[in-house]
Protein chains: 4
Amino acid sequence: MIDVAVFGAGRIGKIHAGNVAREAGARLKYVVDPDAGAAKALAALHGAQVATVAQVFEDRGVGAVLICSSTDTHADLILAAAAAGKQIFCEKPVDLAIGRARACAEAVARAGVTCMIGFQRRFDPTFAALKARLAAGEIGTPEMLVVTSRDPGAPPIPYIRSSGGIFKDMLIHDFDIFRWILEDEAETVHASASCLVDPAIADAGDADSTAVTIRTKRGRLCQINTCRRAAYGYDQRFEVLGSGGMLQAGNHAPTEVVASTAKAVSRDLPEHFFLERYRAAYAREVAHFFAVQAGREKLRTTIDDGLKALELAEAATTSWREGRIVRIG
Amino acid sequence: MIDVAVFGAGRIGKIHAGNVAREAGARLKYVVDPDAGAAKALAALHGAQVATVAQVFEDRGVGAVLICSSTDTHADLILAAAAAGKQIFCEKPVDLAIGRARACAEAVARAGVTCMIGFQRRFDPTFAALKARLAAGEIGTPEMLVVTSRDPGAPPIPYIRSSGGIFKDMLIHDFDIFRWILEDEAETVHASASCLVDPAIADAGDADSTAVTIRTKRGRLCQINTCRRAAYGYDQRFEVLGSGGMLQAGNHAPTEVVASTAKAVSRDLPEHFFLERYRAAYAREVAHFFAVQAGREKLRTTIDDGLKALELAEAATTSWREGRIVRIG
Amino acid sequence: MIDVAVFGAGRIGKIHAGNVAREAGARLKYVVDPDAGAAKALAALHGAQVATVAQVFEDRGVGAVLICSSTDTHADLILAAAAAGKQIFCEKPVDLAIGRARACAEAVARAGVTCMIGFQRRFDPTFAALKARLAAGEIGTPEMLVVTSRDPGAPPIPYIRSSGGIFKDMLIHDFDIFRWILEDEAETVHASASCLVDPAIADAGDADSTAVTIRTKRGRLCQINTCRRAAYGYDQRFEVLGSGGMLQAGNHAPTEVVASTAKAVSRDLPEHFFLERYRAAYAREVAHFFAVQAGREKLRTTIDDGLKALELAEAATTSWREGRIVRIG
Amino acid sequence: MIDVAVFGAGRIGKIHAGNVAREAGARLKYVVDPDAGAAKALAALHGAQVATVAQVFEDRGVGAVLICSSTDTHADLILAAAAAGKQIFCEKPVDLAIGRARACAEAVARAGVTCMIGFQRRFDPTFAALKARLAAGEIGTPEMLVVTSRDPGAPPIPYIRSSGGIFKDMLIHDFDIFRWILEDEAETVHASASCLVDPAIADAGDADSTAVTIRTKRGRLCQINTCRRAAYGYDQRFEVLGSGGMLQAGNHAPTEVVASTAKAVSRDLPEHFFLERYRAAYAREVAHFFAVQAGREKLRTTIDDGLKALELAEAATTSWREGRIVRIG
């Protein structure tokens, strides 16, 4: 039984806390959040205690921490947790500044602790099944990857201002999918982008629609298209073309009802946003984290994966801002 | 907080016990099973105690019982539970003998307790969504219902021998779907059947493939086709034709992967059997039972629904055995 | 080069005449229709002449006739054509009276001419592909067949009055599908039916919604559900369950556009009615007729197939009217 | 009635000649091909005559020519046809050299004749329906376009050597789709490409897999991914994201059969290659050409469309070869 502290009692903190509570080998001991009410409510729900950051790191009984607080706190918490010898699960990104993220990776390595990054998409049943079938050789050698990643709607402008930009905030997941699926590293990155959804996003110095192309060291090609707004909901698909065929990962829908009326044959919209779409993925991700602690599984999304995705996000940002193709490494 | 006893620690007992354990307003207190090892294991998993039938009914603290034991024990347990004033959830069928099932219904009515029957399909997200859309008038007045209900494989012959026959064992769920969807009662029932899967089933006096037609009092038509074996897995679909269109409820699949190779474009098989397909339905069904106890919801699958489905199963059995159309009521 | 006369310049006569015109080995010589204007227009379209029935049969140069006129003329024309030694293609049904249809079959046999019946569904690309894959053993032995057959809307009441009833007019095609797919003959037929679409249809002595069950001599089961009205268009599907899996034949749609909006993910309605849905089937059917004449193919839908389907339609009508299961042969 | 000459009796010449033969207002008079046997066979099939280029242009009775010969002959034939005042239909591309293509456009303009370019995809029923629904505002303003365009297999190396490269040979159609769907002109073009299918293609100086991004003057984004080999056949899809939703155009399949076996639920592969997939499009395209001549429709794919697509193909080739983003106009 491993005692656990969760930093952050917001949307994603609640999800992870619930999954920790359901985990046989773990016990949710502390919830930490500057918003005392939120911390108290979440702690109460699972019979945990409210604590401060200091209390968590001073408690030698705490074996693991889940960092679900705001992005600007990630690095400090990782560094403190590594220093305290706690096992770490941290939401993406490690930090908006690549140098600081690297410092975290070094601290984690020195401390010899786990630092899993929350790339939950790798744990989505559909995405994971596709990956397993690809690895089993079902379509031969993968050659091209097309990723579609669209949100149902744009976040508030203040969120966008502190997000690090669309490439670090939204595409970082897609860059991780790229590395995970093609098992190759980028040689060149080209990013084009526009502000088509809301001019206030442009005013905030960001874009809301992007088209990225990556060519890998082995010549494989990847195209990513993203948008902050899809009227039909959260759109999370990708397809891999291989020498022997294609594997496509589609959206999920709440039900399998088909309606045929005088107008059309229609099906459900995809699950509306990430909390619905990745519910199973979040559960499996946390289960994986504890399976790693128990020595039953080998860590699958490391802080190095977090760094590599961040580097791609930086390259894409540069490509877009400077209007040029960026060469990696 | 309501204390609960579960009778039966088999496949379905485990499912329900797990769902009780996850229920905020309920506590799993007892597990009862003639197989001491099974009872002990299940009780241990959820921090409950092993008990005898007598202990459960003598404990005034027990508010509800879930009857998941073998069919031949259902009636005795319902009668005892009603006498003890316990709230009852019972797996289908109430009893293979219609007279005894009626006696149970009377006892339940006299005792004034809830007796929910485990027609979990009504709680399947797809089926429930279809029903809600039908009720909202999306396709006008329902006129025809076609139900497809196929198991991945036949159960062992000893099971078949004590099952009451395919109409009571397997189609009872489909008869409930019929009543629930068309909201009408049968006027005539015609059942044709064959033994095409395994001659040992015919030797046991049963059929493995059936084709049933029901005409309702309002002239609506329902066709049900069932088989004990579908090579591709559990097949649970139905479609309703209404004056303004059609609603179809399809199977679920584990993932949304589509593979295109030189041979075909292929998708996952449907979820393999009832434990997978109706996982969400079982959870929602138990949640509904406790919501009824808490006064938040009105009971949706009563012992009368169980009786009506049983009457249809009897009528279908008679139609098949005697080669005639059976008139109801 | 074979000279051809077409009887009937209505909807289906136009289709067949057009297909004859496109046939390399055939020449459309005559069009016959009591409606002189219709005959003239169709003849002009394809460079043919208007003729009377007598002229056609007196012209020794005419090798084949296509009977697309009203049902009550079929038998006379078949008898005359057989007597004149013409090769015959005739729309279903041969005749509403089974005795008269048998007389036609005998005349055809005596004359030694071809008499192909227009069961065009066997030539539908989807249906024909399913049949070929079934014959190739893809799903083992066929055991159950479920046929869905719905029109977009009911025909005018006068048409219904002279149609011979829904079983002879509409289900005759489905009965042929049953025989063609299961390759077995009926042992019992049960038909239930209702008038749910339009009470005027009941006043005309007919039903508009039916549910038929056939059990074959080998114990195979077939269910057919039909309706005169489907708000979403012409619905023509069937599925075969075999010992090794299932084959389903679905509807066609005009395009492969999928629209995702804030409301739903939607696709095209199926092709609206038989002229659209079976366009390819009609072309292949006529090509088959001439390929038979040229000795390249063996006749696939004989007058005996027409008789067998008619017998099933009669049995179903009796089952419905008399409320009993009808035993065949 | 307009007399027509077809240049080229190869694959595409045969298709167009057949469609001319079926056209009510046109008569196929001449077939021209350096391969005398091919010319003779095609002419015989439709009752036309074999002729030389000179004979066609000297015959004042010839109203229109269809240029289906090899790419290197297109420009000369367009210039000669324009000089002779013939109406012109020409397969893509106008010419591999943009300067020469421009000269053709000027000659056509001076002569005042029609010069339709064979961008048949605009006439595909699915693509055309999507375009019409987009124009009707079904998904608001279009913002992103993703085009997938893959051949079942690579052409022979000699063909590739004289093809002008993959961007002019294969993507020229996709560039036309881009312009047609987004109704906007390119501002920047970025093309990445690899040789992953066959190293002989690299030896021939070409690529076989490409990833192109276009940003339009209004900031709309388009991504095109192509490959010379898809194991599952011809893959021709695109999707448009608009402010109010998404429209997707999918592949067609020969039949609507779905097979469910112990392994998977599978459907047909898409139609194998362009002759099958675009059969309907070729017919509609030629019908449109003659409808334009008859004054019933306005020309939809002009020589200017051909030039614009060629310019994009040149820009993409440059982008790929020089490893830079190319700015248009």
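The notes below deal with the structure included here. Treat the numbers as computed from the prediction; the structure is a model and nothing was measured.

Reading the values: the criteria
- Residues numbered from 1 in each chain as written.
- Chains lettered and ligands numbered in written order.
- Predicted model: local features only at pLDDT ≥ 70, side-chain atom pairs only at ≥ 80, totals over all residues.
- Heavy atoms only, no water.
- Helix = DSSP H or I, 4+ residues; strand = E, 2+ residues; numbered from the N terminus.
- Rg over C-alpha atoms; globule rule 2.2 N^0.38 Å.
- Buried < 20%, exposed > 50% of the residue type's maximum accessible area, 1.4 Å probe, protein only.
- Contact = heavy atoms within 4.5 Å.
- Buried area = accessible area lost by both parts, 1.4 Å probe.
- Salt bridge = Lys/Arg side-chain N within 4 Å of Asp/Glu carboxyl O.
- Polar contact = N/O pair within 3.5 Å; in protein donor to acceptor, adjacent residues only side chain to side chain.
- Pairing = 2+ DSSP bridges.
- Least-squares fit on C-alpha atoms with pLDDT ≥ 70 in both.
- Axes fitted to C-alpha atoms, helices over the stretch in contact; angles between N-to-C directions.
- Parallel < 35°, antiparallel > 145°, perpendicular 65-115°, else oblique.
- Nonpolar A, V, L, I, M, F, W, Y, C, P; charged D, E, K, R; others polar.
- 1 Å grid on protein atoms, 1.4 Å probe; cavity = no way out; pocket = protein on both sides within 12 Å on 5 of 7 lines; lining within 4 Å.
- Points joined across faces, edges and corners; volume = space filled by probe spheres on them.
- Core = buried A, V, L, I, M, F, W, Y, C linked by side-chain atoms within 4.5 Å.
- Expected span 1.5 Å × (residues − 1).

## Side note on the overall build of chain A
Within chain A, the secondary structure is distributed over 13 helices and 15 strands. Taken against the 2.2 N^0.38 rule, which gives 20 Å for 329 residues, the C-alpha radius of gyration of chain A at 20 Å falls within 12% of a compact globule. Seen through its principal axes, chain A has C-alpha atoms that stretch 55 × 55 × 45 Å. Going through the 329 residues of chain A one by one, you find that 61% of them count as buried. The long-range fraction of contacts in chain A, counting pairs at least 24 apart against all pairs at least 6 apart in sequence, stands at 71%.

## Here we look at the interface of chain A and chain D
Contacts between the two partners involve 40 residues from chain A and, on the opposite side, 40 residues from chain D. When the two sides are added together, the surface that chain A and chain D hide from each other amounts to roughly 3100 Å², 57% of it contributed by carbon and sulfur. The interface formed by chain A and chain D includes six salt bridges. Note that Arg229 of chain D is salt-bridged to Glu143 of chain A, the shortest N-O span being 2.8 Å. On inspection of chain A and its partner chain D, the count reaches 18 residue pairs in polar contact (both at pLDDT 80 or more).

## Regarding helix α4 (residues 71–83) of chain D
Residues and elements named next belong to chain D. Restricting attention to buried positions, one finds in α4 the residues His74, Ala75, Leu77, Ile78, Ala81 and Ala82. Looking at the buried side of α4, the elements it contacts are β1 (2–7), α3 (53–58), β4 (62–67), β5 (87–90), α5 (98–111) and β6 (115–117). Just past α4, the residue Gly85 takes up positive phi, approximately 75 degrees.

## Some points on the interface of chain B and chain D
With 13 residues of chain B at the interface, the matching set in chain D holds 13 residues. Where chain B abuts chain D, roughly 910 Å² becomes buried across the two surfaces, and 67% of that area is made up of carbon and sulfur atoms. Three residues, Tyr232, Val265 and Leu269 of chain B, lead the burial of chain B against chain D; their summed loss comes to 42% of the area buried on that side. Counting across the interface, chain B meets chain D through zero salt bridges. Take the side of chain B that touches chain D: its biggest share by element is three residues, from strand β14 (residues 265–267) of chain B. Across three bridges, β14 of chain B lies against strand β14 (residues 265–267) of chain D in antiparallel orientation.

## Examining the relation of the copies chain A and chain D
Relative to chain D, chain A is turned by 180 degrees and slid 0.0 Å along the rotation axis, the superposed coordinates differing by an RMSD of 0.0 Å. The two molecules are tied by a two-fold rotation axis, judged by turn and shift. A share of 100% of the interface residues of chain A reappears at the interface of chain D, consistent with the copies meeting face to face through the same patch.

## A word on the sheet that holds strand β3 (residues 49–50) of chain B
What holds strands together in a sheet is hydrogen bonding between their backbones, with the strands either parallel or antiparallel. Residue and element names in this part refer to chain B. Across the sheet, which stays open at both edges, the six strands sit in the order β3-β2-β1-β4-β5-β6 with parallel pairing between neighbours. Two strands in the sheet have a free side with no partner beyond their single neighbour: β3 and β6 (115–117). The pairing of strand β2 (residues 26–32) with β3 spans two bridges and is classified as parallel. Bridge pairing links Tyr30 to Gln49 in β3.

## Overview of the relation of the copies chain B and chain D
A rotation about some axis, followed by a shift along it, carries one copy of the chain onto the other. Overlay of chain B on chain D (RMSD 0.0 Å): rotation 180 degrees, translation along the axis 0.0 Å. Looking at the interface residues of chain B, 100% of them are also at the interface in chain D, so both copies use one shared face.

## Some thoughts on the pattern of salt bridges
This model, assessed by the stated rule, comprises 116 salt bridges over all chains. Taking the shortest distance from any N to any O, the salt bridge between Glu311 of chain A and Arg102 of chain A comes out at 3.1 Å. Placement of the pair is Glu311 of chain A in helix α13 (residues 303–322) and Arg102 of chain A in helix α5 (residues 98–111), with a sequence separation of 209 residues. When its relative accessible area of 27% is taken as the criterion, Glu311 of chain A is described as partly exposed. Note that Asp76 of chain C is salt-bridged to Arg100 of chain C, the shortest N-O span being 2.3 Å. With a gap of 24 residues between them, Asp76 of chain C in helix α4 (residues 74–83) and Arg100 of chain C in helix α5 (residues 98–111) connect regions that are remote in the sequence. Taking relative accessible area as the criterion, Asp76 of chain C reaches 47% and is therefore assigned partly exposed.

## Structural notes on the side chain of Arg150 of chain A
Residue and element names in this part refer to chain A. With respect to the element layout, Arg150 can be found in strand β7 (residues 142–150). Residue classification places Arg150 among the buried residues on the basis of a relative accessible area of 0%. One polar contact links Arg150 to Asn225, side chain to side chain, over a distance of 3.0 Å.

## Topic: the sheet that holds strand β2 (residues 26–32) of chain C
Spatial ordering of the open sheet is given by β3-β2-β1-β4-β5-β6 (chain C), a layout of six strands whose pairing is parallel. Two strands lie at the open edges of the sheet, namely β3 (49–50) and β6 (115–117) of chain C, each paired on one side alone.

## So, the packing of α5 of chain C against helix α13 (residues 303–322) of chain C
Residues and elements named next belong to chain C. Where α5 meets α13, the closest approach of the two axes is 10 Å, and the angle between their N-to-C directions is 170 degrees. Between α5 and α13, the angle is such that the two are roughly antiparallel. Contacts between α5 and α13 involve Ile98, Ala101, Arg102, Cys104, Ala105 and Val108 from the first element and Ile303, Asp304, Leu307, Leu310, Glu311 and Glu314 from the second. In terms of residue class, the contact of α5 with α13 is built from eight nonpolar, no polar and four charged.

## Let's talk about the pairing of strand β7 (residues 142–150) of chain C
Residues and elements named next belong to chain C. The buried count for β7 comes to nine of nine residues, which makes it a mostly enclosed element. Bridge count between β7 and strand β11 (residues 235–242): eight bridges; the pairing is antiparallel. Each bridged residue has a counterpart across the sheet, and for Arg150 the counterpart in β11 is Asp235.

## With respect to the layout of surface pockets
Considered as a void within the structure, the largest pocket measures approximately 2300 Å³ in volume. In terms of lining residues, the largest pocket is bounded by 46 residues, among which Arg279 and Ala280 of chain A together with Arg279, Ala280 and Ala283 of chain B are the most central. Listed by contribution, the elements that provide at least two residues to the lining of the largest pocket are α1 (11–22), α11 (274–277) and α12 (279–293) of chain A together with α1 (11–22), α11 (274–277) and α12 (279–293) of chain B. Within the lining of the largest pocket, the residues separate by chemical class into 19 nonpolar, nine polar and 18 charged. The volume enclosed by the second largest pocket comes to roughly 1800 Å³. In this structure, the second largest pocket is lined by 43 residues; those nearest its centre are Glu271, Arg279 and Ala280 of chain C together with Arg279 and Ala280 of chain D.

## What to know about unusual backbone geometry
All names here are of chain A. Note that the residue after Lys92, namely Pro93, is joined by a cis bond; omega there is -10 degrees. The phi dihedral of Glu183 falls on the positive side, at around 45 degrees, and the residue is not glycine. By the secondary structure assignment, Glu183 is in the loop between α9 (171–182) and β8 (186–194).

## Focus on the nonpolar core
Within the largest apolar cluster, 99 residues are counted, with the highest numbers of intra-cluster contacts made by Val56, Val65, Ile88, Phe167, Phe175, Ile181 and Phe238 of chain D. Those residues in contact with Ile181 of chain D that lie beyond four places of it in its chain are Leu130, Lys131, Leu134, Leu145, Phe238 and Val240 of chain D. Core analysis: the next-biggest nonpolar cluster, separate from the first, contains 98 residues, Val56, Cys68, Ile88 and Ile224 of chain A among them.

## Focus: α5 of chain A
Residue and element names in this part refer to chain A. Between the first and last C-alpha of α5 there are 20 Å, a value that for 14 residues agrees with the 20 Å anticipated at 1.5 Å per step. Taken residue by residue, α5 has Ile98, Ala101, Cys104, Ala105, Ala107 and Val108 as its buried positions. Contacts made by the buried residues of α5 are with α4 (71–83), β5 (87–90), β6 (115–117) and α13.

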